[in-house]
Amino acid sequence: MFQTSLSPEALRGALARARSGHSVFDRTGPRGASESPRQPVHTVYGGAHLFKADTARKLGAVALRALAERAPDFAAFARAIGLPGAEALPAQHADALALSTAIEAGGVAAAPAPGPSGPALLAHGVYTRVLDKLRREPVEDLRIDFEDGYGVRPGSEEDEHAAAAAREVALGMAAGGLPPFLGIRIKSLTEASAERGLRTLDIFLSALVAASGGALPPGFVVTLPKVSTPEQVAALADALDALEAALGLPAGSIQLELMVETTAAIIGPRGEVALPRLIEAARGRCAGAHFGAYDYTASCEITAAHQRLDHPACDFARHVMQIVLAGSGLRLSDGASNILPVAPHRAPLTPRQLEDNQRAVERAWRLKYTQVRRALEGGIYQGWDLHPAELPVRYAAVYAFFLEGVEATAERLRSFVDRAAQATVAGTVFDDAATGQGLLNFFLRATSAGALTEAEAAERTGLAPGELRGRSFQAIVERRSA
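A. Region of the structure containing the pairing of strand S5 (residues 255-260). The buried fraction of S5 amounts to six of the six residues, a majority that puts the element mostly inside the structure. Of the two faces of S5, the one carrying Gln255, Glu257 and Met259 and the one carrying Leu256, Leu258 and Val260 are both buried. Two strands pair when backbone bridges link them, and strand S4 (residues 220-224) and S5 are joined in this way by four bridges, in the parallel orientation. Looking at S5, one finds that Val222 is bridged to Leu256. You can see the chain leave S4, run along helix H9 (residues 230-247) and come back into S5, and the turn it takes is right-handed. As judged from the five bridges shared by S5 and strand S6 (residues 286-291), these two strands associate in the parallel manner. Residue pairing for S6: Leu256 is matched across the bridge by Cys286. As a crossover connection, the stretch from S5 through helix H10 (residues 275-281) into S6 is right-handed.

Pasting the structure below:
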């Protein structure tokens, strides 16, 4: 028996005080967030007037054609995006195909799959995963856009496009052809466009419910752009309350996400961090926040020539967003590249124009790869894609990020688990208990993104599939220490 000095009354009082302090997300976090731990690696934006039930499949086909034309083998793709060691890979297509065949037959010295130990294995592993992804699930999250990607059109035209897009969504639902995540972006709820934005939302949802028999796509979300005040978010939440009641949808079933594109969404008028109040105004509907780099830098009066994703002003805004959303279950997404992989010249082409086209696409691909890798290294696992030829690079950057780190991370995680949550040294890296969940999260995100299968992650880490699905490092250690 150990001597204690706190009276039962003092202990109860201290515990009651501790339990009374809850974050804003305990009250207003997204409903059901824990039921859908997957975070898409991207959101693809496309004009609402172009949306069809099979849009995702068509985007994948365009992406595959871009690969076939610009990077017909794994070595060419590795060089185009700047994978480490790509300069040592075969330059001739026939040689690259021969090396690919040898790798697939096990004729090249390799570490156990899927952790490539050399440039050829990394490049080949990335390329084959990208091809599989584009054929199987080319788009993870799609936004039917009534804002920047749609423009300002006559009211009757937008009315018709809203209803037509809803009918296409219903067709996609019936055919099973929609991406895992889907939503619409309405116009902002500033004074100039609020009525138009809410009317489009009303027409779209009313037509969708009528065409689908009362169902919404899984993961459906409404994106609110250019948010600057809590009142704008509350207005959308009010409208969704009313629409759910009118359409017979479950209360709170429609989530929203915020676009952080103004300085007012980062720092409020009194110098306070503004984003928590915006999230609270959503009353439990907020699923995440997306960063809009170009509107944001413009609001900082940065000239167009210097508006870019890696501008220091963007780094500040993203980090504020990370701090606010950390541990909340709300998703954070980076913005888009403004340099698209589009060839400048059209057929018929001279040899010089063919070279110009190839260089232009490769420059855009390499920039995109660098930007996605930078975001991943900074802890941001989702971003925007605006053109189907960006999809191969998005997936390549994600897969390379995880495949390059799998060996070292697996060693550290195995060492940590084996020592049952004591501080450990794996190689020259010191780990304490706070690091364990981060090591586990690496493999959770790698499997969610498709860089590793669950079986591959289990083999690498020594964890059982059930332990991975549990998603808790503490639970793993407690179970193994018992």
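Once the structure has been displayed, the description carries forward.
B. Quick look at the packing of helix H6 (residues 119-136) against helix H14 (residues 391-418). Direction vectors running N to C along H6 and H14 enclose 135°, while the axes themselves pass 9 Å from each other. Regarding the angle of H6 to H14, the classification is oblique. Read as a crossing pair, H6 and H14 show a hand that is right-handed. Residues Leu122, Gly125, Val126, Arg129, Val130, Lys133 and Leu134 of H6 touch H14, and the partners they reach there are Leu391, Pro392, Tyr395, Ala396, Tyr399, Ala400, Leu403 and Glu404. The class makeup of the residues in the contact of H6 with H14 is 11 nonpolar, one polar and three charged.

C. Quick peek at the confidence of the model for the protein chain. Here the protein chain averages 90 in pLDDT, while 91% of its residues score no lower than 70. Here residues 30-35 is modelled with pLDDT under 50, and outside its nearest four sequence neighbours on either side it reaches 13 contacts, counting other chains as well. Overall, residues 109-117 carries pLDDT values under 50, and its contacts beyond four positions in sequence, including any with other chains, amount to 20 contacts.

D. Fine view of the side chain of Arg143. On the secondary structure map, Arg143 appears in strand S2 (residues 141-145). The buried category is assigned to Arg143, whose relative accessible area is 1%. Among the polar contacts made by the side chain of Arg143, one reaches the side chain of Thr223 at a distance of 2.9 Å. Polar side-chain contacts of Arg143 include one of 2.9 Å to the side chain of Glu257. Contact partners of Arg143, with chain neighbours within four places excluded, come to Thr43, Val44, Tyr45, Gly46, Leu182, Gly183, Ile184, Arg185, Val221, Thr223, Glu257 and His290.

E. Structural view of the packing of aromatic side chains. A full pass over the atoms with the stated rule returns 11 aromatic pairs. Considering the side-chain rings of Phe77 and Tyr127, the 5.7 Å spacing of their centres and the 50° angle between planes classify their relative orientation as tilted. Placement of the pair is Phe77 in helix H4 (residues 74-81) and Tyr127 in helix H6, with a sequence separation of 50 residues. Tyr127 matches Phe77 in its accessibility class, with the two residues each being buried. Judged by centre distance (4.9 Å) and plane angle (80°), the rings of Phe416 and Phe473 are edge-to-face. Of the two residues, Phe416 is situated in helix H14 and Phe473 in helix H18 (residues 473-481); the sequence distance between them amounts to 57 residues. Looking at Phe473, the relative accessible area reads 5%, which means it is buried.

F. Up close: a nonpolar patch on the surface. A cluster of nonpolar side chains, namely Leu6, Leu11 and Leu15, defines an oily patch on the protein surface of about 270 Å² accessible area. Mapped onto the elements of the fold, Leu6 is located in the segment before helix H1 (8-19). By relative accessible area, Leu6 is classed as exposed at 59%.

G. Highlighting H1. The terminal C-alpha atoms of H1, which comprises 12 residues, lie 16 Å apart, in line with the 16 Å expected from a rise of 1.5 Å per residue. Counting buried positions along H1 yields zero of 12 residues, so the element is predominantly exposed.

H. Summary view of the nonpolar core. Counting 132 residues, the largest nonpolar core has Ile144, Phe204 and Trp365 as the members making the most contacts within it. When residues in this core are grouped by element, the largest group, 16 residues, is from H14.

I. Main features of the sheet that holds strand S1 (residues 42-47). Pairing is parallel across the open sheet formed by eight strands, whose spatial order is S7-S6-S5-S4-S3-S2-S1-S8. The open sheet has two edge strands with one neighbour each: strand S7 (331-333) and strand S8 (383-385). When the angles between neighbouring strand axes are averaged without regard to direction, this sheet yields 25°. Here strand S3 (residues 181-185) runs beside S4; their pairing, made up of four bridges, is parallel. Within S4, the residue paired with Leu182 across the bridge is Phe220. Taken strand by strand, helix H8 (residues 194-212) contacts S2, S3 and S4, and its axis lies near 170° from that of S4.

J. Summary view of helix H3 (residues 55-70). A rise of 1.5 Å per residue sets the reference length of H3, with its 16 residues, at 22 Å; its end C-alpha atoms lie 22 Å apart and thus fit the reference within 8%. Restricting attention to buried positions, one finds in H3 the residues Thr55, Ala56, Leu59, Gly60, Ala63, Ala66, Leu67 and Arg70. With its buried residues spanning 140° around the axis, H3 presents them on a single face. Projecting away from the buried face of H3 at angles above 90 degrees are the exposed residues Arg57, Arg65, Ala68 and Glu69.

Conventions we followed
- Residues numbered from 1 in each chain as written.
- Predicted model: local features only at pLDDT ≥ 70, side-chain atom pairs only at ≥ 80, totals over all residues.
- Heavy atoms only, no water.
- Buried < 20%, exposed > 50% of the residue type's maximum accessible area, 1.4 Å probe, protein only.
- Helix = DSSP H or I, 4+ residues; strand = E, 2+ residues; numbered from the N terminus.
- Pairing = 2+ DSSP bridges.
- Right-handed = clockwise from strand over helix to strand, strands pointing away.
- Axes fitted to C-alpha atoms, helices over the stretch in contact; angles between N-to-C directions.
- Parallel < 35°, antiparallel > 145°, perpendicular 65-115°, else oblique.
- Left-handed = near helix turned anticlockwise from the far one by under 90°.
- Contact = heavy atoms within 4.5 Å.
- Nonpolar A, V, L, I, M, F, W, Y, C, P; charged D, E, K, R; others polar.
- pLDDT = per-residue confidence, 0-100.
- Polar contact = N/O pair within 3.5 Å; in protein donor to acceptor, adjacent residues only side chain to side chain.
- Phe/Tyr/Trp six-rings, centres within 6.5 Å; stacked < 30°, edge-to-face > 60°.
- Patch = residues over 30% accessible without salt bridge, like charges linked within 9 Å, V, L, I, M, F, W, Y side chains within 5 Å.
- Areas by Shrake-Rupley, 256 points an atom, 1.4 Å probe, with all protein chains shown as cover.
- Salt bridge = Lys/Arg side-chain N within 4 Å of Asp/Glu carboxyl O.
- Expected span 1.5 Å × (residues − 1).
- Core = buried A, V, L, I, M, F, W, Y, C linked by side-chain atoms within 4.5 Å.
- Arc of directions from axis to C-beta.

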